[in-house]
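Structure assessment
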Amino acid sequence: MIDHADEIAIRIRGLRSQFGRQVIHENLDLDVRRGEVLGVVGGSGTGKSVLLRTIVGLNRPRAGSIEVLGQNVRGVKSRQFAKLEARWGVLFQDGALFSSLTVDENIQVPLKQHTNLSKVMLEEISELKVSMAGLPPDAGHKYPSQLSGGMRKRAGLARALALDPDIVFLDEPTAGLDPIGAAAFDQLILQLQKSLGFTVFMVTHDLDSLHTICDRIAVLADKRVEVVGSMNDMLQSDHPWIREYFHGARGRAAHG
Amino acid sequence: MADRGWFEKSGGEDGLILAAHGAWDVGNVGDLDAGLRRLAIPASGRVSISLEQLERLDTAGAWIIYRTVRDWSASGIAVDVNGASEVQQALLDTVAKADKDWEPDHGDGTGFLQMVAQVGQSTEEIARESVALLGFFGQIVTTLAGLAVRPWRIRLIPLVYHMEQVGLNALPIVGLISFLIGVVMAFQGASQLVRFGAEVFVVNLVAVSILRELGILLTAIVVAGRSGSAFTAQIGSMKVNEEVDAMKTVGLDPMEVLVVPRILALVLTLPLLAFFADVMGLLGGGLMSWVVLGISPGAFIERLNDSVGMWSFWVGIIKAPVFGFLIGMVGCYEGLQVVGSAESVGRRTTRSVVEAIFLVIVVDAAFSIFFQFIGI
């Protein structure tokens, strides 16, 4: 379903992001391969979420190039950008569901925006996504305020997957969930990723998530991507922050 | 990558063969689904779907293949799907696993029944809200009674702050509106009364209507829109932010900290605002009488003295603290009713203004009847 002709899904070169005088990223390079699950970690304020927002076009970088699925995101025409937007889905931290719409209607928003399906088809697809996200069928008719935090995340994931995107961006998908809920959400992402084959760009703090579902991990430090590699590479790294992060008490608990 | 998805029919009476081509994805499923639904099934009742040449399949495409197979099988047609790649098969399995019995959308019957049900629900909600508001009234009264015994617990700084917000800062808008209403009353009154040669009664008309009703009513409506809504929005966003809960955990009573200063501020400042509105209204009326009818300011004041008693003034002012209490109560109540999201703050704010104005006018009517009854 995905042609692997071009193996790189996201290619970032020389990225510089800046708010006022505060430089967040400086000369940042990163490659995300097709079909992989990449976890992005870093201390608070290292610009993990900013990086995600910059890739999907919510923040404008000062310099550098971002190529997503072979297309340069910067300076692209708005119509082409809309086409690109249909090929990625974003899950924001608390789901960012539209509060005036039911879960079903939330999932139908991107479908309506990018296709012209009949009402019946829209409903069938939204119900399908609700079920695939592991929500009970009656959740589709509920409003976001009637759902628990974990269910809102699942609904947000269902919306992110509405168009069967090639890339899914997840911003701290397990933050605020209990360990059991977080583990279940990890499994859900892993299982959907396996069967649908999308690429995952995941900002996270959850060592268990990094361990269970990430193929590679990118560490943000000193305004750039310090190291990219597997969990083993991380454990063997002698960068002080990475050692602290993966060998601290929590890190040891996660990889046993 | 293919942009189009289609299928080719072959085979004869003994079995239909469908070969899927191109992209069966979310952009094409609408047409594909319609095409599949239009298909004539041969008498033999055998169909086979081949995915061998399919270039692209996503969940939406897998869904219509799965659903078509499911529905055909249910109506006794033998269907088989072949040639699916490993990835495609995984996708078909995922979709099949996700297919549970959907709840039917709305089992509430016809449009008319739904309407009746909605009327019932709204009525029930209004009744429940009224009872809750009455309960809140009781809570305020007990809190106020407690504070009357321990007056040092009244929070003076917030009280003064809110008095400035709702009173002092409202002076320009209240004054302007009253002045203009005075002008309009005098102008319209004059154009009617002049036909009877009774233009001098314009003074009575302006004085009685401004002092008794319009001065305080307009003030109350402006304050409900300005301050009642602000109370709801302030307390509501504190609710969303869990500040109200945090307050409770450190032993602060939201009634004492949030509600009482706001209500007291309104009770104390609304009479003053109403007085200011009376003055500005009479000023507007007097000015217009002078300009249009040539009634000099001196004559206006003399006429004013003769025509309205002190009670006309007091009737207006007496109502002010009551209206202030109502506006403050509704504003704070709706603010505390906010749950969950920012959207709820917006909805409650609208309700707060509508309810406050409604209550003010209802109570004004009751006052009117009461004053008529006791003859002032």
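This is a predicted model, so every value here is computed, not measured.

For the rest of this paragraph, the subject is unusual backbone geometry. One non-glycine residue, N27 of chain A, adopts positive backbone phi at about 55°. By secondary structure assignment, the location of N27 of chain A is in strand β2 (residues 22-33). The exposure class assigned to N27 of chain A is exposed, which follows from its relative accessible area of 52%. The residue E242 of chain B is not glycine, and still its phi comes out positive at about 60°.

Before going further, it helps to examine the confidence of the model for chain B. This prediction gives chain B a mean pLDDT of 89; 97% of its residues lie at or above 70. Scoring the predicted complex yields pTM 0.67 and, for the interface, ipTM 0.75.

Here we take up empty space enclosed by the protein. If you walk through the whole model with that rule in mind, you get two cavities of 30 Å³ or more. Considered as a void within the structure, the largest cavity measures approximately 40 Å³ in volume. Along its surface, the largest cavity is lined by K129, M132, A133, L157, A158, L161 and L192 of chain A. Elements represented by at least two residues in the lining of the largest cavity include exactly α4 (119-132) and α5 (149-160) of chain A. When its residues are assigned to classes, the lining of the largest cavity shows six nonpolar, no polar and one charged. Estimated volume of the second largest cavity: approximately 30 Å³. Taken together, F7, L18, A19, A20, W24, L36 and I49 of chain B make up the full set of residues lining the second largest cavity. The element best represented in the lining of the second largest cavity is strand β2 (residues 16-24) of chain B, accounting for four residues. A breakdown of the residues in the lining of the second largest cavity according to their chemical character gives seven nonpolar, no polar and no charged.

Once that is clear, we can look at the layout of surface pockets. Where empty space is left becomes clear once a probe the size of a water molecule has been rolled over the atoms. Of the volumes computed, that of the largest pocket is approximately 690 Å³. Taken together, 22 residues form the lining of the largest pocket, with K83, A86 and R87 of chain A together with D3 and D25 of chain B sitting closest to its centre. Here the lining of the largest pocket gets three residues from one element, more than from any other, and that element is helix α2 (residues 78-85) of chain A. Counted by class, the lining of the largest pocket contains eight nonpolar, six polar and eight charged residues. Taken as a whole, the second largest pocket encloses approximately 530 Å³ of empty space. In terms of lining, the second largest pocket is formed by 20 residues, of which the most central are E85, W88, V90, P110 and H114 of chain A. Elements with a minimum of two residues in the lining of the second largest pocket: α2, β6 (88-91), α3 (103-114) and α5 of chain A. Of the residues forming the lining of the second largest pocket, the biggest block, four residues, is contributed by α3 of chain A. Partitioned by chemical class, the residues of the lining of the second largest pocket number 14 nonpolar, four polar and two charged.

All names here are of chain B. Examined against the element boundaries, S229 turns out to sit in helix α7 (residues 202-240). Reaching out from S229, the side chain makes a polar contact with the backbone oxygen of R226 at a distance of 3.5 Å. Discounting residues that sit within four places of it in the chain, S229 has contacts with A224, T349, S352 and V353.

Let us now look at helix α1 (residues 48-55) of chain A. Of all eight residues in α1 of chain A, six are buried; the element is thus mostly enclosed. Looking only at α1 of chain A, the buried set comprises K48, V50, L51, L52, T54 and I55 of chain A.

A separate point is the nonpolar core. If you look at the biggest cluster of nonpolar residues, it comprises 78 residues, and the most contacted ones within it are I217 and F246 of chain A together with L18, W24 and W72 of chain B. Top element by residues in this core is helix α2 (residues 59-74) of chain B. It accounts for eight residues.

Let us look at the interface of chain B and chain A. At the junction of the two partners, chain B supplies 29 residues and chain A supplies 26 residues. Summed over both sides, the interface between chain B and chain A buries roughly 2400 Å², with carbon and sulfur atoms accounting for 63% of that surface. Along the contact surface separating chain B from chain A lie two salt bridges. Between R67 of chain B and E124 of chain A there is a salt bridge, and its shortest N-O distance comes to 2.1 Å. On the surface where chain B and chain A come into contact, there are five residue pairs in polar contact (both at pLDDT 80 or more). Going through the elements one at a time, α1 (29-38), β4 (54-57), α2 and α3 (86-98) of chain B are the ones with two or more residues in the side of chain B that touches chain A. With seven residues, α3 of chain B is the single largest residue contributor to the side of chain B that touches chain A. The residue makeup of the side of chain B that touches chain A, split by class, is 13 nonpolar, four polar and twelve charged.

Moving on to a nonpolar patch on the surface. Residues and elements named next belong to chain B. A surface patch of nonpolar side chains, about 490 Å² in accessible area, is lined by F187, L287, W290, V291 and V292. In terms of residue count, the dominant contributor to the nonpolar patch is helix α9 (residues 254-293) (four residues). Within the element layout of this structure, F187 appears in helix α6 (residues 171-193).

Rules of the game
Residues numbered from 1 in each chain as written. Chains lettered and ligands numbered in written order. Predicted model: local features only at pLDDT ≥ 70, side-chain atom pairs only at ≥ 80, totals over all residues. Heavy atoms only, no water. Helix = DSSP H or I, 4+ residues; strand = E, 2+ residues; numbered from the N terminus. Buried < 20%, exposed > 50% of the residue type's maximum accessible area, 1.4 Å probe, protein only. pLDDT = per-residue confidence, 0-100. 1 Å grid on protein atoms, 1.4 Å probe; cavity = no way out; pocket = protein on both sides within 12 Å on 5 of 7 lines; lining within 4 Å. Points joined across faces, edges and corners; volume = space filled by probe spheres on them. Nonpolar A, V, L, I, M, F, W, Y, C, P; charged D, E, K, R; others polar. Polar contact = N/O pair within 3.5 Å; in protein donor to acceptor, adjacent residues only side chain to side chain. Contact = heavy atoms within 4.5 Å. Core = buried A, V, L, I, M, F, W, Y, C linked by side-chain atoms within 4.5 Å. Buried area = accessible area lost by both parts, 1.4 Å probe. Salt bridge = Lys/Arg side-chain N within 4 Å of Asp/Glu carboxyl O. Patch = residues over 30% accessible without salt bridge, like charges linked within 9 Å, V, L, I, M, F, W, Y side chains within 5 Å. Areas by Shrake-Rupley, 256 points an atom, 1.4 Å probe, with all protein chains shown as cover.

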